[in-house]
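What follows is each chain in one-letter form.
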Amino acid sequence: MSRYMVNKLMWEVDRSDDALASFKKDTAAFLDDWESLAERPVPPYPDGGHLTDGERAAVEARDYGALYAMGANPFLLWQFARSVSVPDEMGIDDLISSFRESAAPHGYPDFAT
Amino acid sequence: MAEIVGVIGVTHNPLMWASLRAGTPPDLADVAANFDRMQAHVAGLHPEVIVMVASDHFHMLMMANMPAFLIGKAPEMRAGHPNEQRAFGLETTMVAGDPELGAHLLGGADLANDFDFSFSDEPWLDHSFLVPLLFLTPGLDIPVVPVFSNCNAPPIPVAARFAALGTYLADAIASFPAARRVLVVGSGHLAHELGGPRQFLGESPDPDFDEKAVSWMARGDVEGAVASTSFLRLTEAGNESYQFLNFITCLAAGGGRPAVFAEGTPTRFGNLPFFSWEMT
């Protein structure tokens, strides 16, 4: 359930320029708003959701290795990491190498939802 | 009666589109040549519609509602999503559909076939469809019936279902009452990884898999392909390798005949698939 929610968050951040910009500007505020959206569901595909404390901490810290280890969908995770971190936090080459290093200790976690 | 005039399987790597549209970097000359070869081949076939098997990457479909197989039957469709434009320079455009053929592939008045397809009357194609179309038919002037397969959100259908899908599509196309020259296109990868420890290695994450995969296509070995592409084996090849399964659909749609062209073209993005089956 929660693995899905991490995927859903990454998906919602990456799919619109507005969401991405506000996530990058103030991640904590974005997540507060995202969690509150889940309390006002608009059918049939409600926005927002709930993360565990560990998931939220990993998202706020841009800890892609931790999200990978939790079983985040690798494709969604890579899109999310690139959109969030490049170019403001690091260049693409730095992200590629740091992502690889942070994922390597975890092998291939089950990412089925 | 409709007829399949050709079957093609190609890469849809969007970095290829980003890399090649402004000119050909020397190390991608073989890829550009293969796309040119395929484009000329397609033009010579004079297809009137393309039945295309590809896998949305969470642009249109998300895990809130994830169909295993879905057919689009809209008269026209959006193609290219805003985040693909941001990431790859892939501009949003429109592609014509073929609702009559789409409805026929679903089964007609009843959903009465061995495939309980989902359907969409407003599909929005992502790069898995658009990149091959831009390379094969740059004018985007041939209607498309999109067949979506879930290769990105486990559980993914087993390989035998992808083979059965190809056989089904071949039979269903043959039974379409109107005359149509149909090109079947599959979109996918060989060994490929994204978002994992082996991404962007500068070479294939599993050359041995690639060699076998190309040989299944070249030899027309449906059974060998199906027997060797479990979820776990594909994960060993790379955590984005599941879309190779779309080429098993192509192989079966071509009646299991050997591909006349089968290559995993070496690049810094891995070995990129190019397959072609001739039907005459």
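Residues numbered from 1 in each chain as written. Chains lettered and ligands numbered in written order. Predicted model: local features only at pLDDT ≥ 70, side-chain atom pairs only at ≥ 80, totals over all residues.

Tell me about the overall build of chain B, and please be specific about residues and values.
Secondary structure summary: chain B contains 10 helices and 11 strands in total. Expected size for 280 residues packed as a compact globule is a radius of gyration near 19 Å; at 17 Å, chain B falls within 12% of this value. Dimensions of chain B, computed from the C-alpha atoms along their principal axes, are close to 50 × 45 × 40 Å. Relative to its full complement of 280 residues, chain B shows a buried share of 54%. Counting contacts in chain B only where the partners sit at least 6 residues apart, residues at least 24 apart contribute 81% of the total. (Helix = DSSP H or I, 4+ residues; strand = E, 2+ residues; numbered from the N terminus. Rg over C-alpha atoms; globule rule 2.2 N^0.38 Å. Buried ≥ 20, exposed ≤ 12 C-beta atoms within 10 Å, placed from the backbone. Contact = placed C-beta atoms within 7 Å.)

Lay out the overall build of chain A with the relevant residues and their values.
Summing up its helical and strand segments, chain A has 7 helices and 0 strands in all. Ordered by position in the sequence, the α and β elements of chain A form the string α-α-α-α-α-α-α. For chain A, the C-alpha radius of gyration of 14 Å lies close to 13 Å, the compact-globule estimate for 113 residues. The dimensions of chain A, computed from C-alpha atoms along their principal axes, are 40 × 30 × 20 Å. Every one of the 113 residues in chain A was classed for burial, and the buried ones make up 31%. For chain A, the share of sequence-separated contacts (at least 6 apart) that also reach a separation of at least 24 residues comes to 63%.

How would you explain the sheet that holds strand 4 (residues 76–79) of chain B if you had to name every residue and give the values?
Residues and elements named next belong to chain B. Read across the open sheet, the 3 strands follow the order 5-4-7; overall the sheet is mixed. In this open sheet, the two edge strands, each paired with only one partner strand, are strand 5 (93–96) and strand 7 (124–125). Sheet topology places strand 4 next to strand 5; 4 bridges connect them, and they run antiparallel. Residue arginine 78 lies in a different strand from strand 5, and its bridge partner there is methionine 94. (Pairing = 2+ DSSP bridges.)

I'd like a rundown of the packing of helix 1 (residues 2–15) of chain A against helix 6 (residues 74–85) of chain A, residues and numbers included.
Residues and elements named next belong to chain A. Where helix 1 contacts helix 6, the two axes come as close as 9 Å, and the packing angle between them is 45 degrees. On the basis of the axis angle, helix 1 is oblique to helix 6. The handedness of the crossing between helix 1 and helix 6 is left-handed. Residues Asn7, Met10, Trp11, Val13 and Asp14 of helix 1 touch helix 6, and the partners they reach there are Leu76, Leu77, Gln79, Phe80 and Ser83. Looking at the contact of helix 1 with helix 6 residue by residue, the class counts come to 6 nonpolar, 3 polar and 1 charged. (Axes fitted to C-alpha atoms, helices over the stretch in contact; angles between N-to-C directions. Parallel < 35°, antiparallel > 145°, perpendicular 65-115°, else oblique. Left-handed = near helix turned anticlockwise from the far one by under 90°. Nonpolar A, V, L, I, M, F, W, Y, C, P; charged D, E, K, R; others polar.)

Lay out the sheet that holds strand 9 (residues 180–188) of chain B in plain terms, naming residues and giving numbers.
What holds strands together in a sheet is hydrogen bonding between their backbones, with the strands either parallel or antiparallel. Residue and element names in this part refer to chain B. On the basis of which strands lie adjacent, the open sheet formed by 8 strands has the order 6-3-8-2-9-1-11-10 and mixed pairing. Both edges of this open sheet fall to strand 6 (118–120) and strand 10 (261–267), since each of them pairs with a single strand only. Averaged over all pairs of adjacent strands, the angle between strand axes in this sheet comes to 20 degrees, irrespective of strand direction. With 7 bridges joining them, strand 10 and strand 11 (residues 270–278) adopt antiparallel strand pairing. Within the sheet, the bridge partner assigned to phenylalanine 261 lies in strand 11 and is serine 276.

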